[in-house]
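Observations on the three-dimensional arrangement
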Amino acid sequence: MTSLRIDGMTCRSCAERVREALHKAPGVRSVAVSFTERLATLDLEEGTPFKHLIDAVVAAGFGAQRAERPGSRPAAPLDKEGQGFGGAARPGEAGPLRVAIIGSGGAAMAAALRAVDRGAL
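Now for a quick tour of the structure.

So, how was this worked out
Throughout this document, residue positions are counted from 1 along each chain, in the order its sequence is written. Residue-level local features of this predicted model are given only where pLDDT is at least 70; pairs of side-chain atoms are given and counted only at 80 or more, and the full residue set underlies all totals for whole chains, interfaces and linings. Calculation of side-chain values draws on the structure's entire complement of heavy atoms; hydrogens and water are dropped beforehand. Burial classification: accessible surface area is computed with a 1.4 Å probe over protein chains only, and a residue below 20% of its type maximum counts as buried, one above 50% as exposed, and the rest as partly exposed. A helix here means a DSSP run of H or I that spans at least four residues, while a strand means a run of E at least two residues long, and both kinds are numbered starting from the N terminus. This arc corresponds to the set of directions leading from the helix axis out to the C-beta atoms. Should any heavy atoms of two residues lie within 4.5 Å, those residues are counted as being in contact. Here, nonpolar core means buried Ala, Val, Leu, Ile, Met, Phe, Trp, Tyr and Cys residues that are tied together by side-chain atoms lying within 4.5 Å of each other. Strand pairing follows a simple DSSP-based rule, namely that at least 2 bridges must link the two strands. All axes are obtained by fitting lines to C-alpha atoms, using only the stretch in contact for helices, and the reported angles, taken between N-to-C directions, cover 0 to 180 degrees. What qualifies as a polar contact is a pair of N or O atoms within 3.5 Å, subject to a donor-acceptor requirement within protein and to the restriction that residues adjacent in sequence count only when both atoms come from side chains. For a helix, the expected span equals 1.5 Å multiplied by the number of residues minus one.

Brief notes about helix α2 (residues 50-59)
Turning to α2, its buried residues are Phe50, Leu53, Ala56 and Val57. Considered in projection along α2, the buried side chains sweep an arc of 125° and stay on one side of the axis. Facing away from the buried side of α2 by more than 90 degrees, the exposed set consists of Lys51 and Ala59. Its buried side turned inward, α2 meets β1 (2-7), α1 (12-24), β2 (28-34), β3 (39-44) and β4 (63-66).

What follows is the structure in structure tokens.
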């Protein structure tokens, strides 16, 4: 069994979208997704590249990272250039990124989810 940490899921519908996307990826025998644990557990054919799995999740509108072991959380997500930003202090700053979202509705929720995906506390 292999696990992926999934970012951006907020409900069972999100988990189902991720499950469907992963199930369609080449080399996936079975998949179970838990939005509460932010985890996808997969049974894969040998040699299945993780890039295909992560690409499938990203195409469905979520973020994905290989989980070090089932139930574990990676130290920090990486941005497109491979640089960490989850909880890491920026140069000249004393602590992790903190963001306050003011407002309500879909735009505020989307901004909050995006900020959390980028490491905001």
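There is more to say after this.
Some points on the nonpolar core
Counting 22 residues, the largest nonpolar core has Ile6, Leu22, Leu42 and Leu53 as the members making the most contacts within it. Elements represented by at least two residues in this core include exactly β1, α1, β2, β3 and α2. The biggest single contributor to this core is α1, with five residues.

Concerning the sheet that holds β1
Strand order in the open sheet formed by four strands is β2-β3-β1-β4, with antiparallel pairing between adjacent strands. Two strands bound the open sheet, and with one partner strand each, they are β2 and β4. Between one strand axis and the next, the sheet turns by 25° as a mean value, whatever way the strands run. Sheet topology note: the β1/β4 ladder contains four bridges and is antiparallel. The residue bridging Asp7 from the neighbouring strand is Gly63, located in β4. The strands touched by α2 within the sheet are β1, β2, β3 and β4, with β1 carrying the most contacts at an inclination of about 30°.

A closer look at the side chain of Asp7
On the secondary structure map, Asp7 appears in strand β1. At a separation of 3.0 Å, a polar atom in the side chain of Asp7 contacts the side chain of Gln65. The contact partners of Asp7, leaving out residues within four places of it in the chain, are Arg38, Phe62, Gly63, Gln65 and Asp117.

A short note on α1
A rise of 1.5 Å per residue sets the reference length of α1, with its 13 residues, at 18 Å; its end C-alpha atoms lie 18 Å apart and thus fit the reference within 8%. The set of residues buried in α1 consists of Cys14, Ala15, Val18, Ala21 and Leu22. The buried residues of α1 all sit within an arc of 125° when viewed along its axis, so they share a single face. In α1, the exposed residues that point more than 90 degrees away from the buried face are Arg12 and Lys24. Check the buried side of α1 and you find it contacts β1, β2, β3 and α2.

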